[in-house]
Amino acid sequence: MSKMLAVGVATTFLTYAGTVVAGESAAEASTVCREGAISAPFNHSIPTAHRAGQAVTVHTTLHDKTGTTFKGVFFDYSIAVPANHNHWGPAPTVSWRWGSGSWHHLALTRNNASPDHEWYSQDQTLGTLKAHKSKALQFKIAFHKGDPTGTYDGVALIGARTTCGQTLLAVAGGLEPAYRP
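Just so it is clear, the model here is predicted, and its values are computed rather than measured.

Asker: It is not clear to me how the sheet that holds strand E14 (residues 178–179) should be interpreted in this structure. Could you clarify?
Answerer: Strands belonging to one sheet form pairs held by backbone hydrogen bonds; the direction of such a pair is parallel or antiparallel. Within the open sheet, the 3 strands sit side by side as E2-E14-E11. Their pairing is mixed. Among the strands making up the open sheet, the edge pair consists of strand E2 (48–49) and strand E11 (150–151).

Shown next, in the form of structure tokens:
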């Protein structure tokens, strides 16, 4: 999925839920619950796997730019095959972790409607991101023999369900591994 398409899809599907942050007025909560409340810098590194099964890691750092602690922080991740390929082999093997926590397997579903031949995850709950604090979100990705070579486009959409409902708070782009056996 292209980054622009990901942002468009995210904006369409993740609407403002109007959830009020405990102890704040509705006006204060709506100011906090907006795209950009959490920053997720674009990752400029493209780690490359040179053989099937070799895991590479991409990451971003989520930073709460507000004075509010976000609860129920979650993400969903999508990854698309390199441009000009239409291979639908098995999804790459993906795991994730937040901070220095343990690794978790990330189940991916094929998006048959995608012209970019992508897979996507369901929402994954991270937990709490404290006011003005940062925490790393990492993805470990391994490819299969016969997967297309090139750079895979990866994007994570970030929200905070308990604090902000389904409002999109950040788009973490550049989570792009490459496979060049």
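Picking up where we left off.
Asker: So what exactly am I meant to see when it comes to the pattern of salt bridges here?
Answerer: If the charged atoms of two oppositely charged side chains come close together, the side chains can form a pair. Taken as a whole and assessed by the stated rule, the structure comprises 1 salt bridge. When the shortest N-O distance is used, the salt bridge between Asp123 and Arg161 registers 2.5 Å. One end of the pair, Asp123, is in the loop between strand E8 (118–120) and strand E9 (124–129); the other, Arg161, is in helix H3 (residues 161–164), and 38 residues separate them in sequence. Given the relative accessible area of 31%, Asp123 is considered partly exposed.

Asker: Looking at this structure, I do not really get the packing of aromatic side chains. What am I missing?
Answerer: Within a pair of aromatic rings, the relevant descriptors are the distance that separates the centres and the angle that separates the planes. Applying the stated criterion to the full structure yields 5 aromatic pairs. Aromatic pair Phe75 and Phe139: ring centres 5.3 Å apart, planes at 85 degrees, arrangement edge-to-face. With Phe75 in strand E4 (residues 70–80) and Phe139 in strand E10 (residues 134–142), this residue pair connects regions lying 64 residues apart in the sequence. We classify Phe139 as buried; its relative accessible area is 0%. Ring geometry for Phe143 against Tyr152: centres 4.5 Å apart, planes inclined by 40 degrees, an arrangement best described as tilted.

Asker: What am I meant to see in unusual backbone geometry here?
Answerer: For residues besides glycine, phi is generally negative; the peptide bonds are generally trans as well. If you check the backbone angles, Asn84 has positive phi at about 70 degrees while not being a glycine. Counting through the fold element by element, Asn84 comes out in the loop between E4 and strand E5 (93–98). The phi dihedral of His132 is positive, around 60 degrees, even though this residue is not glycine. By the element assignment, His132 lies in the loop between E9 and E10.

Basis of the calculations
- Positions within a chain are numbered from 1, following the residues in the order the chain's sequence is written.
- In keeping with the model being predicted, local features are shown solely for residues with a pLDDT of at least 70 and side-chain atom pairs are shown and tallied solely at 80 or more, while totals for entire chains, interfaces and linings include all residues.
- Heavy atoms throughout the structure, all of them, feed into the side-chain values; hydrogens and water do not.
- Strand pairing is assigned whenever DSSP identifies at least 2 bridges connecting the two strands.
- Helix and strand assignments come from DSSP, with helices taken as H or I runs of at least 4 residues and strands as E runs of at least 2, each series counted from the N terminus.
- The rule for a salt bridge is simple: a side-chain nitrogen of Lys or Arg has to be within 4 Å of a carboxyl oxygen of Asp or Glu.
- Think of it in three bands: with a 1.4 Å probe and only protein chains considered, a residue is buried below 20% of the maximum accessible area for its type, exposed above 50%, and partly exposed in between.
- Here is the rule: rings of Phe, Tyr and Trp (six-membered ring for Trp) pair when centre to centre is within 6.5 Å. Planes less than 30 degrees apart are stacked, more than 60 are edge-to-face, and the remainder are tilted.

Keep in mind these numbers describe shape, not what the thing actually does.
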